[in-house]
Amino acid sequence: MLTSTLSSSHPAHQFEGQEISLDDRMGIFITMNPGYAGRTELPESVKALFRPVVVIVPDLQQICEIMLFSEGFLMAKVREAHKILDV
């Protein structure tokens, strides 16, 4: 229903008898943490509507090294990045 309205380029959607204007720049996100007790998987029909995205823990040392290199530090490899992480 919502996806069909968005794909047909209509500016509004009928929902429970009320017309709702849509913004085509909006996004819908579903956060799932499989593996937790009591959580169920999404049905395949719902999964097909969304694009999977993997989220990982950022590598803070690498981020610090890149920040230092971008500021002109040429020897920012390990020692300076560790100092920033320790602070």
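Residues numbered from 1 in each chain as written. Predicted model: local features only at pLDDT ≥ 70, side-chain atom pairs only at ≥ 80, totals over all residues. Heavy atoms only, no water.

Once that is clear, we can look at the overall build of the protein chain. Helix and strand counts for the protein chain come out as four helices and two strands. Seen in sequence order, the protein chain has helices and strands lined up from the N terminus as α-β-β-α-α-α. Counting over 87 residues, the protein chain shows a buried share of 8%. Pairs at least 24 residues apart make up 8% of the contacts formed inside the protein chain by residues separated by at least 6 positions. (Helix = DSSP H or I, 4+ residues; strand = E, 2+ residues; numbered from the N terminus. Buried < 20%, exposed > 50% of the residue type's maximum accessible area, 1.4 Å probe, protein only. Contact = heavy atoms within 4.5 Å.)

This brings us to the pattern of salt bridges. For side chains of opposite charge, pairing can occur when their charged atoms come near one another. Overall, the coordinates contain one salt bridge when judged by the stated rule. The partner of Glu44 in a salt bridge is Lys47, and the shortest N-O contact between them spans 3.7 Å. Here Glu44 and its partner Lys47 are both found in helix H2 (residues 44–47), three residues apart, which amounts to about one turn of the helix. For Lys47, a relative accessible area of 34% translates into the label partly exposed. (Salt bridge = Lys/Arg side-chain N within 4 Å of Asp/Glu carboxyl O.)

Tracing the backbone through its elements, the reader meets Glu19 in strand E2 (residues 18–21). A relative accessible area of 59% means that Glu19 is categorised as exposed. Not counting chain neighbours up to four residues away, the residues in contact with Glu19 comprise Ala12, His13 and Gln14.

A word on the pairing of E2. Bridge count between strand E1 (residues 12–15) and E2: four bridges; the pairing is antiparallel. Looking across to E2, one finds that Phe15 is bridged to Gln18. Adjacent in sequence and paired antiparallel, E1 and E2 are bridged by two residues, among which Glu16 carries a positive phi angle near 50°. (Pairing = 2+ DSSP bridges.)

The next point concerns a nonpolar patch on the surface. Taken together, the side chains of Leu60, Ile63 and Met67 define a hydrophobic patch exposed on the protein surface, amounting to about 290 Å² of accessible area. With respect to the element layout, Met67 can be found in helix H3 (residues 60–70). According to the relative accessible area criterion, Met67 is exposed, its value standing at 53%. (Patch = residues over 30% accessible without salt bridge, like charges linked within 9 Å, V, L, I, M, F, W, Y side chains within 5 Å. Areas by Shrake-Rupley, 256 points an atom, 1.4 Å probe, with all protein chains shown as cover.)

Take H3 next. Inspection of H3 places Cys64, Glu65 and Leu68 among the buried residues, and these make up the whole buried set. Seen along its axis, H3 keeps its buried residues to an arc of 100°; they face one direction. Opposite the buried face of H3, at more than 90 degrees from it, the exposed residues are Ile66, Met67 and Ser70. Phi turns positive one or two residues past the end of H3, at Gly72, with a value near 105°. (Arc of directions from axis to C-beta.)

This part covers the confidence of the model for the protein chain. If pLDDT is low for a region, its predicted coordinates should not be looked at in detail. On average, residues of the protein chain carry a pLDDT of 76, and 76% of them reach 70 or more. When pLDDT is averaged over each element of the protein chain, H2 comes out on top at 84 and helix H4 (residues 79–86) at the bottom at 62. (pLDDT = per-residue confidence, 0-100.)

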